[in-house]
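Each chain, written out:
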Amino acid sequence: MAEDSDLEKTESATPRRLQKAREEGQIVRSRELSTFALLAAGFFGVWGMSGSIGEHLQSMLRAAFTFDHAGAFETRRMMIGAGVASREGFYALLPILGFTGAAALFAPMALGGWQLSAKGLDPKFNRLNPIAGLGKMFSINGPIQLGMSLAKTLVVGVIGGTAIWNRREEILALATQPLHLALANTVHLIAVCCGMTVAGMFVVAAMDVPYQLWQFHKKLRMTKEEVKREHRESEGDPHVKGRIRQQQRAIARRRMMTNVPKADVVVTNPTHFAVALQYTDGEMRAPKVVAKGVNLVAARIREIAAENNVPLLEAPPLARALYHNVELNREIPGPLYGAVAEVLAWVYQLRRFKTEGGDVPLAPTELDVPAELDKGGVSDDEAEQEAADTLNPATNPDNDDASGASA
């Protein structure tokens, strides 16, 4: 398909794609880097431990080639000698084994780090497909891998051959030297030749590592559609997230509407805003907003308040200031204490009038509301959001609110 074509995969792999590939055992690996690390470890091991290695090899050879007439016919002594020679050889090679073992463990960390994944062991029968195998052989990666192998062989062969040819006289002279001196010079020549080979492998690894990094990231490239799909899966579908937010607002509004009958007063605009206030002496430090809304929600708050005999006060500046500056279930700010105190005083007088009679208390009209708190009418975004949530049958809480509020 077109979306699977390499020509369509123009986007770099996302962090999630890289993590998924890592979990599946796909990480950057360079065999040439590992080979270079092993050779370098062996070289420095031989170079640094040449004296100890020479002593162990000398002991091994002395034990192997020292005979007496009686021991030549005893198999037991021959086995003991073979054991001694093996032990000396192991001790001679032990430092080299330690260095190379550490290099084999830590070299992969230079690129992809350690990764233990059982998915890499899962059987994949599509790898047995001969057609797919031929396709890989004749793909662009085939000539590149062949070229890298030839370059490695050529570089290492030329450097190693040159090192040996330039020291051919020293190598031939080993036969005329005493044993201890010949062994020391042999170890030295081996170390030098290994050092030259390591230098050659460094050149090969320096070419292979960038290629492996490029090949790995090229293999994991994604199409634009894959990036979009992954974004939707990780961040969530915008439509679903919007639906969830609508439901959350509806639930919050439904809960808010149940608090309207408990309010002491509802301050209105009178049409665009409605804010319900509640104050319990001894339990609250200051009055708090228990419900608020604009347009249709404000109308619903006024309706519930009227059904439950909650006083309504038309005070446009105070209603706007409360709506814009106080969140739900939060206490009013200090600059509004004076205006709200006048409103609550009127509410208490109204309650006394209903129980004891007397003159009808006059509603406060000139309330002290700081101009910086009165931010004017409702914004277009707020009005559109309120209208969308209220008119949406799935999220409109009116029916539930009516029953819940009047219960």
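What counts, and at which threshold
Every chain's residues receive numbers from 1 upward, in the order its sequence appears when written. Totals for whole chains, interfaces and linings use every residue, but because this is a predicted model, local features are given only for residues with pLDDT of at least 70 and side-chain atom pairs only at 80 or more, for both listing and counting. To get the side-chain values, all heavy atoms of the structure are used, and hydrogens and water are removed first. pLDDT is defined as a per-residue confidence score from the predictor, taking values between 0 and 100. For this analysis, residues touch if any pair of their heavy atoms sits within 4.5 Å. What makes two strands pair is DSSP finding at least two bridges between them. The way it works is that DSSP assigns letters per residue, a run of H or I at least four long becomes a helix, a run of E at least two long becomes a strand, and they are numbered from the N terminus. Axes here refer to lines fitted to C-alpha atoms; in helices the fit is confined to the stretch in contact. Angles between the N-to-C directions go from 0 to 180 degrees. A 1.4 Å probe that fits into a set of points on a 1 Å grid over the protein atoms alone but cannot get out defines a cavity; an open set with protein on both sides within 12 Å along at least five of seven lines defines a pocket, and lining residues are those with an atom within 4 Å of a point. Grid points are joined across faces, edges and corners, and a volume is the space filled by probe spheres set on the points. Polar here means any residue outside two lists: the nonpolar Ala, Val, Leu, Ile, Met, Phe, Trp, Tyr, Cys and Pro, and the charged Asp, Glu, Lys and Arg; Gly therefore counts as polar. The salt bridge criterion pairs a side-chain nitrogen of Lys or Arg with a carboxyl oxygen of Asp or Glu, the two atoms within 4 Å. Three exposure classes are used, based on accessible area relative to the maximum for each residue type with a 1.4 Å probe and protein chains only: buried under 20%, partly exposed in between, and exposed over 50%. A residue counts toward a patch only above 30% relative accessible area and without a salt bridge, and it is joined to like-charged neighbours within 9 Å or, for Val, Leu, Ile, Met, Phe, Trp and Tyr, to nonpolar neighbours within 5 Å. All accessible areas in this document rest on Shrake-Rupley with a 1.4 Å probe, and a residue is counted as covered only by the protein chains that are shown. Remark: nonpolar core denotes a set of buried residues (Ala, Val, Leu, Ile, Met, Phe, Trp, Tyr, Cys) joined through side-chain atoms within 4.5 Å. To estimate the expected span of a helix, count its residues, drop one, and scale the result by 1.5 Å. Classification of ring pairs rests on two measures: the distance between centres of Phe, Tyr or Trp rings, Trp counted by its six-membered ring, which must be within 6.5 Å, and the angle between planes, read as stacked under 30 degrees, edge-to-face over 60 and tilted in between. By the criterion adopted, a ring carries a charge over it if an Arg CZ or a Lys NZ lies within 6 Å of its centre and within 35 degrees of its normal.

Notes on the confidence of the model for the chain
Looking at the chain, the pLDDT average stands at 75 and 76% of residues meet or exceed 70. Overall, residues 387-407 carries pLDDT values under 50, and its contacts beyond four positions in sequence, including any with other chains, amount to 35 contacts.

Thoughts on the sheet that holds strand β4 (residues 312-314)
Pairing is mixed in the open sheet, where 4 strands are placed in the order β3-β2-β1-β4. Taken across any chain shown, the strands that pair with only one partner, and hence form the sheet edges, are β3 (288-294) and β4. Neighbour-to-neighbour, the strand axes of the sheet open up by a mean angle of 20°, direction not taken into account. For strand β2 (residues 273-278) and β3, the ladder comprises 6 bridges, and the chain directions are antiparallel.

Points about empty space enclosed by the protein
For the structure on display, the rule yields 1 cavity of 30 Å³ or more. Volume-wise, the largest cavity comes out at about 40 Å³. Around the largest cavity, the lining residues are V28, R29, S30, L33, S34, A107, P108 and L111. Partitioned by chemical class, the residues of the lining of the largest cavity number 5 nonpolar, 2 polar and 1 charged.

A closer look at the pattern of salt bridges
Here the idea is simple: oppositely charged side chains can pair when their charged atoms come close. Summed over the entire model, instances satisfying the criterion amount to 3 salt bridges. Measuring nitrogen to oxygen at the nearest pair gives 2.7 Å for the salt bridge that ties D264 to R351. With D264 in the loop between α10 (238-257) and β1 (265-268) and R351 in helix α13 (residues 337-356), this pair connects stretches of sequence that are 87 residues apart. By relative accessible area, D264 is classed as buried at 8%. The shortest N-O distance in the salt bridge between R300 and E303 comes to 2.9 Å. Of the two residues, R300 and E303 both sit in helix α11 (residues 296-307), 3 residues apart, roughly one turn of that helix. Residue classification places R300 among the buried residues on the basis of a relative accessible area of 6%.

Notes on a nonpolar patch on the surface
Residues F90, Y91, L93, L94 and L97 make up a contiguous nonpolar surface patch of about 490 Å² in total accessible area. Relative to the helices and strands, L94 is located in helix α4 (residues 75-106).

With respect to the nonpolar core
Residues L277, L318, L322 and L336 are the most contacted members of the largest nonpolar core, which totals 27 residues. Where this core is concerned, the elements lending two or more residues are β1, β2, β3, α12 (316-325) and α13. Among the elements that take part in this core, α13 stands out by supplying 7 residues, more than any other. The contacts of L322, once residues within four sequence positions are left out, are V267, V275, L277, I332 and L336. Counting residues in hydrophobic clusters, the runner-up holds 15 residues, among them V260, V266, A274 and V297.

Brief notes about α13
Helix length check: α13 (20 residues) gives 28 Å between terminal C-alpha atoms against 28 Å at 1.5 Å per residue, within 8%. Packing partners of the buried residues in α13 comprise β1, β2, β4 and α12. Positive backbone phi, approximately 85°, marks G357, located one or two places after α13.

Notes on the packing of aromatic side chains
Following the criterion strictly, the structure yields 3 aromatic pairs and no others. A ring pair is formed by F36 and F202, whose centres lie 5.5 Å apart and whose planes are at 55°; its orientation type is tilted. Placement of F36 in helix α2 (residues 31-48) and of F202 in helix α8 (residues 179-219) is noted, with a sequence separation of 166 residues between them. Look at F202 and you get partly exposed, because its relative accessible area is 48%. For the cation-ring pair, R168 lies above W165, with the distance from its terminal atom to the ring centre recorded as 4.1 Å. One cation-aromatic arrangement involves K292 over Y323; the distance from NZ or CZ to the ring centre is 4.9 Å.

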